[in-house]
Amino acid sequence: MQKRRKKKKQRRRVLRVILPTVLLVAALGTVMVWKVFVVRDVEVEGNEIYPAEQIENWVLDDEYSWSSLYVVLKNKFHKQEEIPFVDSMEISLRSPSKIRIRVIEKGVLGYVYIPSLGKNAYFDKDGFVVELSGQVIEGTIKITGLAVDQAALYEKLDLDDSRILRTLLNLTQLLKKYERIPETIYVQGDSVLLSYGNIQVSVGSGSSLNEKLLRMDQILPQLEGQTGTLHLENWSESGSDIYFKINQLTEIPVDAQTVPEEK
């Protein structure tokens, strides 16, 4: 009996020492979270489609978002709301008062208007539809002249001629590489026409695309201020049949009737 009483007394003494310590640590932790882990600076990277301010507003979207620790934990354990053209966002602490938002956007190469849906089908480098939207994203290549009746998310663009799709995928990637994004790519049968305002470039079929665009990149600065069509469709390694026809422009039909939505 005495041993049991001694043990109980010892436990009480330990509790008297430990409990205040635990409470003190908890109180200090609360103060630290309240006073130290406060969002004062936000760093956004990887965003091209949406401005940093809009990304920040999406992440800091409730009354507790003043706490940097809360923001990080919330986005780690809570499923993020789907945002058009954004694959995911990684949120981390750079310091107790600074968070970093790394935006991973969907790899959009171009878009085709789908009349039956009244939306644009945005596709990636493999030809898969990554977004269906009425929004028009600046710097994304518009493709017209194609007959596409339907499109579904995460499925490949349904074109009658698979060669055209391969040509478009190669072409859009090369245009990104050379930073020569046209206003429109116009598909005429198995031939392709690029539109740069008053200058159009006929690249023909999908043969020797890299070489054709390399030469286009060299020639376009020399055509500044002029109107007409640069013909590259007959270029080949064995010959150099490149010419510029002044005041020759092809009328490009407007497929997309959508207008930019507010971001």
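Below or above, wherever it landed, is the structure these notes cover.

## A short note on the packing of helix H4 (residues 162-177) against helix H5 (residues 209-219)
Part 1 of the argument: It is at 10 Å that the axes of H4 and H5 come closest, and there the two elements cross at 35°. Classified by chirality, the crossing of H5 by H4 is right-handed. Residue-level contacts link Thr167, Asn170, Leu171, Leu174, Leu175 and Lys177 of H4 to Leu209, Asn210, Leu213 and Met216 of H5.
Part 2 of the argument: Per-class residue counts for the contact of H4 with H5 are 6 nonpolar, 3 polar and 1 charged.

## Points about the sheet that holds strand E1 (residues 41-45)
Part 1 of the argument: Strand order in the open sheet made by the 3 strands is E1-E3-E2, with mixed pairing throughout. Looking at which strands have only one partner, the edges of the open sheet turn out to be E1 and strand E2 (86-95). Pairs of neighbouring strands in the sheet enclose a mean axial angle of 20°, with direction left out of account.
Part 2 of the argument: Bridge analysis of E1 against strand E3 (residues 98-105) gives 5 bridges, and the strand direction is parallel. Looking at the pairing, Glu43 lines up with Arg100 of E3.
Part 3 of the argument: Relative to E3, helix H2 (residues 52-59) is tilted by about 110°, and along the sheet it contacts E1, E2 and E3.

## Let's talk about the pattern of salt bridges
Part 1 of the argument: Counting across every chain of the model gives 9 salt bridges.
Part 2 of the argument: The closest approach of N and O atoms between Asp61 and Lys74, which form a salt bridge, is 2.6 Å. Here the residue Asp61 occupies a position in the loop between H2 and helix H3 (68-77), and Lys74 occupies one in helix H3, the gap between them amounting to 13 residues.
Part 3 of the argument: According to the relative accessible area criterion, Asp61 is partly exposed, its value standing at 45%.
Part 4 of the argument: Each of the salt bridges in this network shares a partner with another, and the network as a whole consists of Asp41, Glu43 and Lys98.

## Some words on the side chain of Ser133
Part 1 of the argument: Here Ser133 is to be found in strand E6 (residues 129-133).
Part 2 of the argument: Among the polar contacts listed, one links the side chain of Ser133 to the backbone nitrogen of Gln135, at a separation of 2.9 Å.

## Quick word on the environment of Gln150
Part 1 of the argument: Here Gln150 lies in the loop between strand E7 (141-144) and H4.
Part 2 of the argument: Spatially, the C-alpha atoms of Gln150 and Ile114 are 6.5 Å apart, while their sequence positions differ by 36 residues.
Part 3 of the argument: For Gln150, the residues in contact, after removing those within four places along its chain, are Ile114, Ser116 and Leu117.
Part 4 of the argument: Polar side-chain contacts of Gln150 include one of 3.3 Å to the side chain of Ser116.

## A few points about unusual backbone geometry
Part 1 of the argument: Residues other than glycine seldom take positive phi values, yet Phe85 does so here, at roughly 70°.
Part 2 of the argument: One can find Phe85 in the loop between H3 and E2.
Part 3 of the argument: Although it is not a glycine, Glu179 adopts a positive phi angle of roughly 55°.
Part 4 of the argument: Summarising the element assignment, Glu179 is placed in the loop between H4 and strand E8 (184-188).
Part 5 of the argument: Overall, the relative accessible area of 68% leaves Glu179 in the exposed class.

About the cut-offs
Residues numbered from 1 in each chain as written. Predicted model: local features only at pLDDT ≥ 70, side-chain atom pairs only at ≥ 80, totals over all residues. Heavy atoms only, no water. Axes fitted to C-alpha atoms, helices over the stretch in contact; angles between N-to-C directions. Helix = DSSP H or I, 4+ residues; strand = E, 2+ residues; numbered from the N terminus. Left-handed = near helix turned anticlockwise from the far one by under 90°. Contact = heavy atoms within 4.5 Å. Nonpolar A, V, L, I, M, F, W, Y, C, P; charged D, E, K, R; others polar. Pairing = 2+ DSSP bridges. Salt bridge = Lys/Arg side-chain N within 4 Å of Asp/Glu carboxyl O. Buried < 20%, exposed > 50% of the residue type's maximum accessible area, 1.4 Å probe, protein only. Polar contact = N/O pair within 3.5 Å; in protein donor to acceptor, adjacent residues only side chain to side chain.

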